[in-house]
Amino acid sequence: MAQHSVQALMDKAHEAFESYNIQVSELFANRVLEQDPLHAPALELLALIHLQREQPEPAWELLQRAVQVAPNEGATKYMYLGQICEGEEAAAAIQQGLSILAVELDEMAAQKASEELILEKQQQISTAFCSLAEVYLTDLCEVDEAQSTCLALMEKALEYHPENVEALQTLASIYMSTCQPDEARDALMRSMSLWWQELHAPEADDVAAAAAGEDAEGEAALLETEHADALPDYEFRINTLKLLLELREYELAFKLADMLLAEDDDIMQVWYLQGWSQCLTEQGEAAVTSLQRALQLYEANACDRPDMLAHIQELLAILEAGGPLGEAALLQDAEPEE
C-alpha cells in the first residue's frame, strides 16, 4: 500500500481516538501495522488504547517495539513508558523523552520556527518535567532530597510554561504529600481556574467560589465543541478528580465526574472514583450504581488493577450489608486506589 494510504489510515485512527471511538481507532491502527509492522506511531497509538483500557502489559510491549523502531525520534512513547514503569526505570524513560524534546526545541529555534510552534514545544517540555516530578513524588519518594528535587522540577516546568495547569496540579500533589492541604488547595484551584473558569457562564464565579459552596453555572459548556481545545486531556482530569477527593472538595468532584462521564461513560476508574465519593458522602443507592458499573467495565475490559478491584468489591460488600458510610466510617486515612 502506498505511504499516503498508510498516513490516511493513521489519520482515521487518530480521528476515531479523539472522538472516543476506541474500537474503530484500534481497527485502523492494526490495519496500518498490517502494511507496515514497524510503524512507530501506530504502535504508540495501540499502546495508548491499551492504557485507556487499564492494560499496562500489552501497552508496555508495544511501546518497547516503538522504541526499538525509532529510539531517537518522538518523545511521547517515553512519556507513556514513564507512566507504566516504576522507580528509576520510569525516571530514565522520562529523561530520555526530555532529551528528545530539548533537541527538537533547539532545532526549531535554529530554523526560526514560529512563536506558536516554539511555545507548544516549551509546553511539552514543561509537562515532561511534571511527569518526572510525579515519579519522585511517588516511586522515588524515599530517595535523598526527593522533595527538593520535586520542587526544583516544578520550577523548571513553570519556567518553560508559567501557566502550565499540569505543573500547578503536580505542585498540589507535592503539597498533599507533605501534609500541606491549604497550599495544595490553592495550587489546585489555580490550575483548575485556567481551564474551568473561562468556560463558565459570564455570571458565574470562579472555581474557588464554587469550592466555597457558591453556585457556578455553565459547567455543561465544558463539553461544547468550540471549547474542546481548552480542556486538559481526560487522564489529567481523572487526576484532578482524585485530588479533589483527597481535599474533600466533594461538590467539585461530583461536577467533574459528571463531565468526564458525559464525555466517555466507559472509563472504569471514573465510575469507581464517583462511587467512592458517593460512599464518603453517604449516597448509598447512587454508590451501588456507580460501583456496579465500575465492576462491569473492569471485567469487560479485562483490567489489571487488583487493588482497585479489591476496593470496589469491599465497598459493594459494605453497601450490600447496609454497613456505615461517610468519612468517619470509611476514610481513616484511606485514599482512592491508584
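How each quantity is defined
- Residues numbered from 1 in each chain as written.
- Predicted model: local features only at pLDDT ≥ 70, side-chain atom pairs only at ≥ 80, totals over all residues.
- Heavy atoms only, no water.
- Helix = DSSP H or I, 4+ residues; strand = E, 2+ residues; numbered from the N terminus.
- Buried < 20%, exposed > 50% of the residue type's maximum accessible area, 1.4 Å probe, protein only.
- Contact = heavy atoms within 4.5 Å.
- Areas by Shrake-Rupley, 256 points an atom, 1.4 Å probe, with all protein chains shown as cover.
- Expected span 1.5 Å × (residues − 1).
- Polar contact = N/O pair within 3.5 Å; in protein donor to acceptor, adjacent residues only side chain to side chain.
- pLDDT = per-residue confidence, 0-100.
- Axes fitted to C-alpha atoms, helices over the stretch in contact; angles between N-to-C directions.
- Left-handed = near helix turned anticlockwise from the far one by under 90°.
- Nonpolar A, V, L, I, M, F, W, Y, C, P; charged D, E, K, R; others polar.
- Phe/Tyr/Trp six-rings, centres within 6.5 Å; stacked < 30°, edge-to-face > 60°.
- Core = buried A, V, L, I, M, F, W, Y, C linked by side-chain atoms within 4.5 Å.

### What about the overall build of the protein chain?
Helices and strands together make up the secondary structure of the protein chain, namely 17 helices and zero strands. A burial count over the protein chain gives 49% of its 338 residues as buried. In the protein chain, 59% of the contacts between residues at least 6 apart in sequence involve partners at least 24 apart. Of the roughly 17100 Å² that the protein chain leaves accessible, carbon and sulfur atoms contribute 47%.

### Thoughts on helix H9 (residues 165-177)
An ideal rise of 1.5 Å per residue puts 18 Å on 13 residues; H9 measures up with 19 Å between its terminal C-alpha atoms. The buried fraction of H9 is high, at eleven of 13 residues. Every buried residue belonging to H9 is among Val165, Glu166, Ala167, Leu168, Gln169, Thr170, Leu171, Ala172, Ser173, Ile174 and Met176, and all of these are buried. Of the surrounding elements, those touching the buried residues of H9 are helix H7 (115-137), helix H8 (146-160), helix H10 (181-195) and helix H12 (234-246). For H9, the N-terminal capping position is held by asparagine 164, with its side-chain oxygen 2.8 Å away from the main-chain nitrogen of glutamate 166. Positive backbone phi, at 60°, marks cysteine 179, one or two positions downstream of H9.

### Overview of the confidence of the model for the protein chain
With 87% of its residues at a pLDDT of at least 70, the protein chain reaches an overall mean of 86. The lowest-confidence element of the protein chain is helix H11 (residues 207-211), averaging 50 in pLDDT; the highest-confidence one is helix H14 (residues 268-280), averaging 95. Across residues 198-206 the pLDDT falls below 50, and counting only partners more than four positions away or on other chains, this stretch makes 20 contacts in the model. Within the model, pLDDT remains below 50 along residues 210-227, and this stretch shows 31 contacts once partners closer than five positions in the same chain are excluded.

### Focus on the packing of H9 against H12
Axis separation between H9 and H12 bottoms out at 11 Å; the angle between their running directions is 35°. In terms of crossing hand, the pair formed by H9 and H12 is left-handed. Packed against H9, whose contacting residues are Val165, Glu166, Gln169, Ala172, Ser173 and Met176, the element H12 presents Phe236, Asn239, Thr240, Leu243 and Glu246 at the interface. Classifying every residue of the contact of H9 with H12 gives five nonpolar, four polar and two charged.

### With respect to unusual backbone geometry
With a phi angle near 60°, glutamate 54 is a residue other than glycine that sits in the positive phi range. Phi is positive for cysteine 179, close to 60°, though the residue is something other than glycine. With respect to the helices and strands, the residue cysteine 179 is situated in the loop between H9 and H10.

### Remarks on the packing of aromatic side chains
Aromatic ring pairs: the centre-centre distance and the angle between the two ring planes describe each pair. Within the structure shown, the criterion is met by three aromatic pairs. Both rings, one in phenylalanine 129 and one in tyrosine 160, keep their centres 6.0 Å apart while their planes meet at 25°; by these two values the pair is stacked. Taken as a pair, phenylalanine 129 in helix H7 and tyrosine 160 in helix H8 lie far apart in primary sequence, 31 residues in all. Residue classification places phenylalanine 129 among the buried residues on the basis of a relative accessible area of 13%. Owing to a relative accessible area of 26%, tyrosine 160 belongs among the partly exposed residues under this scheme.

### Topic: the nonpolar core
Membership of the largest hydrophobic core comes to 111 residues, with the highest contact counts inside it found for Met268 and Ile312. Here this core gets ten residues from one element, more than from any other, and that element is H7. Beyond its immediate sequence surroundings of up to four residues, isoleucine 312 is in contact with Met268, Tyr272, Leu291, Ala294 and Leu295.

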